[in-house]
Amino acid sequence: MCGIVGYTGPHNAITPLIEGLRRLEYRGYDSAGIALGTPNKLFIEKRAGKLNNLEQSLSSIPTARSGIGHTRWATHGGPTDSNAHPHVDNDGKLAVIHNGIIENYAELKAVLESKGHTFSSDTDTESVAHLLSDLRKKHGGDLSAAMREAVKSLRGSFTLVAIHADTPDVIVGVRRNSPLVVGLGKNENFMASDVAAFIEHTKRAIELGQDQVVTLTPTTVSITDLDGKTVTPKEYEITWDASAAQKGGFAHFMLKEIFEQPKAVADTLIARLSDNKQIVLDEIALTAAEIKSLEKIVVIACGTAYHAGMIAKYAIEKWAKISVEVEIASEYRYRDPIINKNTLVIAISQSGETMDTLMALRHAKAAGARILAICNTNSSTIPRESDAVIYTHAGPEIAVASTKALLTQIVAVYLIGLHLAQVRSQLTDDQVADLYNEMLELPGKIEQILETVEPLRALTRKFADANTILFLGRNIGYPVALEGALKLKELAYIHAEGFAGGELKHGPIALIDSVSATPVIAILPAGHEHSLDEKMASNIQEVKARGARVIVIAEEGANVVGAEYVIRIPVTNPLFQPILATVPLQVFAYEIAVARGSDVDQPRNLAKSVTVE
Ligand code: F6R
């Protein structure tokens, strides 16, 4: 939520700032702004709307060697020019950008107004600009000292980056519960919400800890805690390259990321079975004795990642015979969860910064649980605060709607399930090896679905005018139905709901409208266990009899009756079906969104990394 970038170095700052903001636009895109550090005076420009609006308004840009830039997802104050960041003090010499929420901004504002400061926006951020301005004067012009003192009086979650016209090549940043990384260049330095902003310039990065203040000049990086004590930086190498954050010939990042799924799944699966048929998952950091004494697993996650958690329940309970509870992270910490040292909490998050998941994680940790993160973003907050982490290898996911990250999260939960099952002797080594080897076939099977995607795209466009689309699944197909509906809602802004097939008759079937022939997409369960496929076949008949147009996603060779269209997916183990069945639903949502003229990569009202509660 909100993208932040800062640059100081020998080049004209406008270029790395705009480039960086372009890469961070997925984090928020309702307004954008920059402050350039020219001597004695800041050049500030900010505009409501997307980054393009800002770029078009930049006619006479002064040459500046440093600056800060921001792309916003509004929390306090609507998306207007005046609420866009940067915010400045009353001298117009200090500018600040912010990601997160300053919870005590109203108190701060009242105090600052009583001292004569005048405010010109409705944001929580502006109070920080005025506060920093006073504190900088108190500290004899030292912006870093001002930042350290300011942060002590702030409540909430924030990344803040500031610049002052009197020291234009100095940029000062701080983070609390919100991301900020430093990029180390040659005679130039960067800071940003995400390495994507500066990957084109350097692969050397520093992770910043909680409540640490970083001060950059072109040639120096200094990090302190809030008491001014020097902190030794932890440097790391960024392993993906700039092309991963570009569209590579695809019309949208989302389509590119859908097509990257075979590789993402393969990369996450690679080298996870030893020669003696043991799942290799050392990152889980649990001894065999600890695994054997596990009594319960609780998965916490949001949105699409929550659906990966639901899939975890089916797989882990079936294989490892451990009870799994799946919790919406934003609800979790408002309960008194029953947790002890034999509970393993799995926090799933693509970004590793989702505030709801982070807060749930802390709640579980405080209650004594052990936390395992599944995350796609190196060194982000959720893995850092967890006891252990399994990184998924999806590569950067830029489109706001999650696709390849989900598939890799599902792979990670399968690996955990197999590992736990093996250690607890619930599956034999041969069974585990067979299942793992079957998983290795999934990338090729996804590839197969994607090779025949054109007819699906054509079919999809026939449903572009629908007002409501319903999704039905049973068993492990139920979270797939929820995911199909979520994707359609967020991308195409169509009313969509996912149901467990058996629940239909308990209410939702009333939504089927014969006049508009409500489209229903049913995921036919794989295999014949519990006759689930037959039960879904009955559900198909029930909705068809009430006037629905039915599309069925079914395995090759499965008998389908009553469908207007059948989308075939390759045969696989029933528990692996979500990896395949999700793909056509992603394409379906994508194509309808394109047909309806939605902004696929940046759907309205959303942001990629949700760093507020
Ligand atoms: C939907 C989507 C969101 C995220 C959710 C959690 O397409 O992307 O529902 O899955 O906001 O985000 P992470 O995984 O970053 O914690």
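Heads up: the structure comes first, above all this text.
All values derive from a computational prediction rather than experimental measurement.

A. Layout of the sheet that holds strand S6 (residues 94-102). Judged by pairing direction, the sheet is antiparallel, and its six strands sit side by side in the order S5-S6-S7-S8-S12-S13 without closing on themselves. Two strands close off the open sheet at either side, each with one partner strand: strand S5 (87-88) and strand S13 (221-224). Where helix H4 (residues 126-138) meets the sheet, it contacts S5, S6 and strand S7 (156-164), and its direction lies at approximately 130 degrees from that of S6.

B. Looking closely at the site of the ligand. Lining the immediate environment of the ligand, one finds 13 residues, of which Ser 349, Gln 350, Ser 351, Thr 354 and Glu 490 sit closest. The backbone of Thr 304 places a nitrogen or oxygen atom 3.2 Å from an oxygen atom of the ligand. If the ligand stood free it would expose 400 Å²; the protein chains cover 89% of that surface. Where the shell around the ligand is concerned, the elements lending two or more residues are helix H9 (303-320) and helix H17 (477-492). In terms of residue count, the dominant contributor to the shell around the ligand is H9 (three residues).

C. Up close: helix H14 (residues 429-440). With 12 residues, H14 should reach 16 Å at 1.5 Å per residue; the first-to-last C-alpha distance of 16 Å fits that figure. Considered for burial, the residues of H14 that qualify are Val 432, Ala 433, Leu 435, Tyr 436 and Met 439. Across the axial projection of H14, the buried residues extend over an arc of 165 degrees, all falling on one side. Each element contacted by the buried residues of H14 is listed here: helix H7 (261-269), H9, helix H13 (404-423) and helix H15 (442-451).

D. Representation of the nonpolar core in the model. Membership of the largest hydrophobic core comes to 128 residues, with the highest contact counts inside it found for Trp 319, Ile 416, Leu 420, Ile 469 and Leu 488. Here this core gets 13 residues from one element, more than from any other, and that element is H13. Within the second largest apolar cluster, 25 residues are counted, among which are Ala 146, Val 151, Leu 160 and Val 170.

E. Fine view of the pattern of salt bridges. Within the structure shown, the criterion is met by 32 salt bridges. For the salt bridge of Arg 457 with Glu 591, the shortest nitrogen-to-oxygen distance reads 2.6 Å. Here the residue Arg 457 occupies a position in helix H16 (residues 453-461), and Glu 591 occupies one in helix H19 (residues 577-595), the gap between them amounting to 134 residues. Both residues of the pair, Arg 457 and Glu 591, count as buried. When the shortest N-O distance is used, the salt bridge between Glu 490 and Lys 487 registers 3.3 Å. Separated by three residues within a single helix, Glu 490 and Lys 487 lie in helix H17, roughly one turn from each other. Overall, Glu 490 belongs to the buried group, its relative accessible area being 15%. Members of the salt-bridge network, linked through shared partners, are Glu 454, Arg 457, Arg 461 and Glu 591.

Rules of the game
Position numbers for residues count from 1 along each chain, tracking the sequence in the order it is written. Thresholds applied to this predicted model are a pLDDT of at least 70 for local features of residues and 80 or more for the giving and counting of side-chain atom pairs; totals over whole chains, interfaces and linings are not thresholded and use all residues. Think of the side-chain values as coming from all heavy atoms in the structure, minus any hydrogens and water. At least two DSSP bridges between two strands are needed for those strands to be called paired. Each helix corresponds to a stretch of at least 4 residues labelled H or I by DSSP, and each strand to a stretch of at least 2 residues labelled E; elements are numbered beginning at the N terminus. When checking whether two residues touch, look at their non-hydrogen atoms; a contact exists if any pair is within 4.5 Å. For every element, the axis is a line fit to its C-alpha atoms; helices are fit only across the contacting stretch, and the angle between N-to-C directions ranges from 0 to 180 degrees. We define proximity as follows: a residue is near a molecule or strand when any one of its heavy atoms falls within 4 Å of that partner. Residues adjacent in sequence count toward polar contacts only when both atoms are side-chain atoms; beyond that, a polar contact is any pair of N or O atoms within 3.5 Å, and within protein one must be able to donate a hydrogen and the other to accept it. Note on areas: these come from Shrake-Rupley sampling with a 1.4 Å probe, and a residue is covered only by the protein chains present in the view. Multiplying 1.5 Å by the helix residue count minus one yields the expected span of that helix. Using a 1.4 Å probe on the protein chains alone, a residue whose accessible area is under 20% of its type maximum counts as buried, one over 50% counts as exposed, and one in between counts as partly exposed. The directions considered for the arc are those from the helix axis to the C-beta atoms. Here, the term nonpolar core denotes a set of buried Ala, Val, Leu, Ile, Met, Phe, Trp, Tyr and Cys residues that are joined through side-chain atoms within 4.5 Å. Take a side-chain nitrogen of Lys or Arg and a carboxyl oxygen of Asp or Glu: if they are within 4 Å of each other, that pair is a salt bridge.

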